[in-house]
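# Inside the fold
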Number of protein chains: 2
Amino acid sequence: MDYPDALNNLIETFMRYPGVGRKTAERYALYTISSFKDEDYEAFRTTLERVENEIKPCETCGHLTDRGICPICRDPSRDASKILVVEESRDVIVIEKTRTYDGLYHVLGGVLSPSNGVGPEELSIKPLLERLKNDEHKELILATNLSDEGETTALYLQRLLKDIDILITRIAYGMPAGGNIGYADEITLNKALEGRKKL
Amino acid sequence: MDYPDALNNLIETFMRYPGVGRKTAERYALYTISSFKDEDYEAFRTTLERVENEIKPCETCGHLTDRGICPICRDPSRDASKILVVEESRDVIVIEKTRTYDGLYHVLGGVLSPSNGVGPEELSIKPLLERLKNDEHKELILATNLSDEGETTALYLQRLLKDIDILITRIAYGMPAGGNIGYADEITLNKALEGRKKL
């Protein structure tokens, strides 16, 4: 005794998503059946179709967009002297929400991870090198995450770009707001101490 | 600055699901874009269409099926003298996996919850009363969850059926396997004590 075929397919589709195990996938599938009306199914299918067809990485920076070149790259008021390098499109959205950064972005589309088969070729590194041929960019800010892979990726980029005449910086890492030193992990504490400033 | 339109729609679709907040929905949507190939989008849409068109509650017991009458109700080897009343289709699947129950089921499709607008009319209670007109059913086993709403629903059914000539029982509630009495909640402990047996 198992779920009917189509329902099983839906459960297995949900199980593909990160962090979704069988129980959660079952919950999502049963929720779909109990709460979706005809127009909801129709809307979900249309959305999937639109995402498939419309959403592409920005031809310049790699940020997801539905317009070829993303609104940030097209905005003449952005400070083109700075390029902030992030792992994912989501990072761009989060940083934009802070309204503290007015430069451009470059989305790598991941981090170097040899064990997962992600080498430099899999990331948007060549397009970055192309962009840096333009003299108007003066500073490249590396904002990969504080993880083994994020660190490796930042180090890789730093070495790769050492002969290019551009200022390379890295964002600060340390204790986050609301973080409790007693519960902080070793790497964060290490970075917090390393980055200490004279008062 | 926000996600492109179609991507936002996908995020909002995922946010409809129970326990899915904005961050998780964003993760799912970005995962879709980064890992789905054309055939995956197509398969997802087809699955949604099939679920919409094929999956319906069993005409007899309410368990989700793609065949009008579910395989359990159609199975002549099942013991028709017992009907086990559960909240959801998922409960049927879980109980079937134990292979300890050989009777029939009745899926209510939820629990009484006046604050959420769920009254007796919203549950599969009338079809249950119809089924009980058949003399071959001798025992009705109430297996709603041990929650305020599950208890209320069981009590409601018990009262509703008090004049019908059928044995009404309730499954046992108490400490689960692996449960730690020191961390158990009050209701479970209460049920465990109430249901104690002479050794």
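Note that the coordinates shown come from a computational prediction; the quantities given were computed from them, not determined experimentally. (Residues numbered from 1 in each chain as written. Chains lettered and ligands numbered in written order. Predicted model: local features only at pLDDT ≥ 70, side-chain atom pairs only at ≥ 80, totals over all residues. Heavy atoms only, no water.)

By size, the foremost hydrophobic cluster in this structure holds 42 residues, and its most contacted members are Leu7(A), Phe14(A), Phe44(A), Leu7(B), Phe14(B) and Phe44(B). Once residues lying within four places of it in the same chain are set aside, the contact partners of Leu7(B) are Val51(A), Ile55(A), Leu64(A), Ala29(B), Leu30(B) and Ile33(B). (Core = buried A, V, L, I, M, F, W, Y, C linked by side-chain atoms within 4.5 Å. Buried < 20%, exposed > 50% of the residue type's maximum accessible area, 1.4 Å probe, protein only. Contact = heavy atoms within 4.5 Å.)

Taken as rigid bodies, chain A and chain B are interconverted by a rotation of 179 degrees and an axial shift of 0.0 Å, the fit giving an RMSD of 0.1 Å. Taken together, the turn and the small shift mark the pair as related by a two-fold rotation axis. Ranked by how close their C-alpha atoms come to the rotation axis, the residues of chain A are headed by Arg45(A), at 2.6 Å. Looking at chain A, 100% of its interface residues are interface residues in chain B too, so the copies touch through the same face. (Least-squares fit on C-alpha atoms with pLDDT ≥ 70 in both.)

Residues and elements named next belong to chain B. The topology assignment puts Glu87 in the loop between strand E3 (79-86) and helix H5 (89-98). Despite its burial, Glu87 remains without a salt bridge, the nearest opposite charge being carried by Arg170 at 7.1 Å. Those residues within four positions of Glu87 in sequence are excluded, and the remaining contacts are Val107, Leu108, Gly109, Gly110, Val111, Thr144, Asn145 and Gly150. (Helix = DSSP H or I, 4+ residues; strand = E, 2+ residues; numbered from the N terminus. Lys, Arg positive; Asp, Glu negative; His and termini not counted. Salt bridge = Lys/Arg side-chain N within 4 Å of Asp/Glu carboxyl O.)

Domain parsing of chain A yields domain 1 (5-54) and domain 2 (64-198). The C-alpha-based centres of domain 1 of chain A and domain 2 of chain A are spaced at 33 Å. (Domains from an automatic or database assignment.)

Before going further, it helps to examine the packing of helix H1 (residues 5-15) of chain A against helix H2 (residues 22-35) of chain A. All names here are of chain A. H2 packs onto H1 with a crossing angle of 125 degrees between their chain directions and a minimal axis gap of 8 Å. Taken together, the axis directions place H1 and H2 in an arrangement best described as oblique. In the packing of H1 onto H2, the handedness of the crossing is right-handed. Along the contact surface, H1 presents Leu7, Asn8, Leu10, Ile11, Glu12, Phe14 and Met15, while H2 presents Arg22, Ala25, Glu26, Tyr28, Ala29, Leu30, Thr32 and Ile33. Counted by class, the contact of H1 with H2 contains 10 nonpolar, two polar and three charged residues. (Axes fitted to C-alpha atoms, helices over the stretch in contact; angles between N-to-C directions. Parallel < 35°, antiparallel > 145°, perpendicular 65-115°, else oblique. Left-handed = near helix turned anticlockwise from the far one by under 90°. Nonpolar A, V, L, I, M, F, W, Y, C, P; charged D, E, K, R; others polar.)

Residue and element names in this part refer to chain A. Relative to strand E6 (residues 167-170), strand E5 (residues 139-142) is paired through four bridges, and the arrangement is parallel. Note that in E6 the partner of Leu142 across the bridge is Arg170. Handedness of the E5-helix H7 (residues 148-160)-E6 crossover: right-handed. (Pairing = 2+ DSSP bridges. Right-handed = clockwise from strand over helix to strand, strands pointing away.)

Further remarks concern unusual backbone geometry. All names here are of chain A. Although it is not a glycine, Arg99 adopts a positive phi angle of roughly 55 degrees. Within the secondary structure, Arg99 sits in the loop between helix H5 (89-98) and strand E4 (103-107). Since its relative accessible area comes to 77%, Arg99 is described here as exposed.

Residue and element names in this part refer to chain B. The strand order E4-E3-E5-E6 describes an open sheet built from four strands, whose pairing is parallel. Of all strands in the sheet, those bounded by a partner on one side alone are strand E4 (103-107) and strand E6 (167-170). Along the sheet, successive strands turn relative to each other by an average axial angle of 25 degrees, direction set aside. Here E3 runs beside E4; their pairing, made up of five bridges, is parallel. Paired with Asp79 across the two strands is Gly103, which belongs to E4. Against the sheet, H5 engages E3 and E4, with an angle of about 155 degrees to E4. Across the sheet, helix H7 (residues 148-160) touches E3, strand E5 (139-142) and E6, and the angle it forms with E6 is around 170 degrees.

Now for the packing of aromatic side chains. Applying the stated criterion to the full structure yields 20 aromatic pairs over all chains. On the basis of an interplanar angle of 65 degrees and a centroid distance of 6.1 Å, the ring pair of Tyr28(A) and Tyr28(B) is categorised as edge-to-face. Here the residue Tyr28(A) occupies a position in helix H2, and Tyr28(B) occupies one in helix H2 (residues 22-35), the pair thus bridging two chains. Considering the side-chain rings of Phe36(A) and Phe44(A), the 6.2 Å spacing of their centres and the 45 degrees angle between planes classify their relative orientation as tilted. An identical accessibility class is assigned to Phe36(A) and Phe44(A); each is buried. (Phe/Tyr/Trp six-rings, centres within 6.5 Å; stacked < 30°, edge-to-face > 60°.)

To continue, consider the sheet that holds E4(A). Residue and element names in this part refer to chain A. Strand order in the open sheet made by the four strands is E4-E3-E5-E6, with parallel pairing throughout. Taken across any chain shown, the strands that pair with only one partner, and hence form the sheet edges, are E4 and E6. When strand polarity is set aside, the average angle formed by the axes of neighbouring strands in this sheet is 25 degrees. Strand direction decides the pairing type here: strand E3 (residues 79-86) and E5, joined by four bridges, are parallel. What sits directly across from Val85, in E5, is Leu142. Helix-sheet contacts for H7 involve E3, E5 and E6, and the interaxial angle to E6 is about 170 degrees.

The subject of this paragraph is the interface of chain A and chain B. Interface size, as often reported, equals the accessible area lost upon joining of the parts. The interface is formed by 48 residues belonging to chain A together with 48 residues belonging to chain B. Summing both sides of the interface, chain A and chain B together bury roughly 5200 Å²; the carbon and sulfur share of this comes to 68%. At the boundary of chain A with chain B, the tally comes to six salt bridges. For the interface between chain A and chain B, the tally reads 11 residue pairs in polar contact (both at pLDDT 80 or more). For the side of chain A that touches chain B, the elements supplying multiple residues, two or more each, are H1, H2, helix H3 (38-54), strand E2 (64-65) and H5 of chain A. In terms of residue count, the dominant contributor to the side of chain A that touches chain B is H3(A) (12 residues). Residues that form the side of chain A that touches chain B fall into these classes: 23 nonpolar, eight polar and 17 charged. (Buried area = accessible area lost by both parts, 1.4 Å probe. Polar contact = N/O pair within 3.5 Å; in protein donor to acceptor, adjacent residues only side chain to side chain.)

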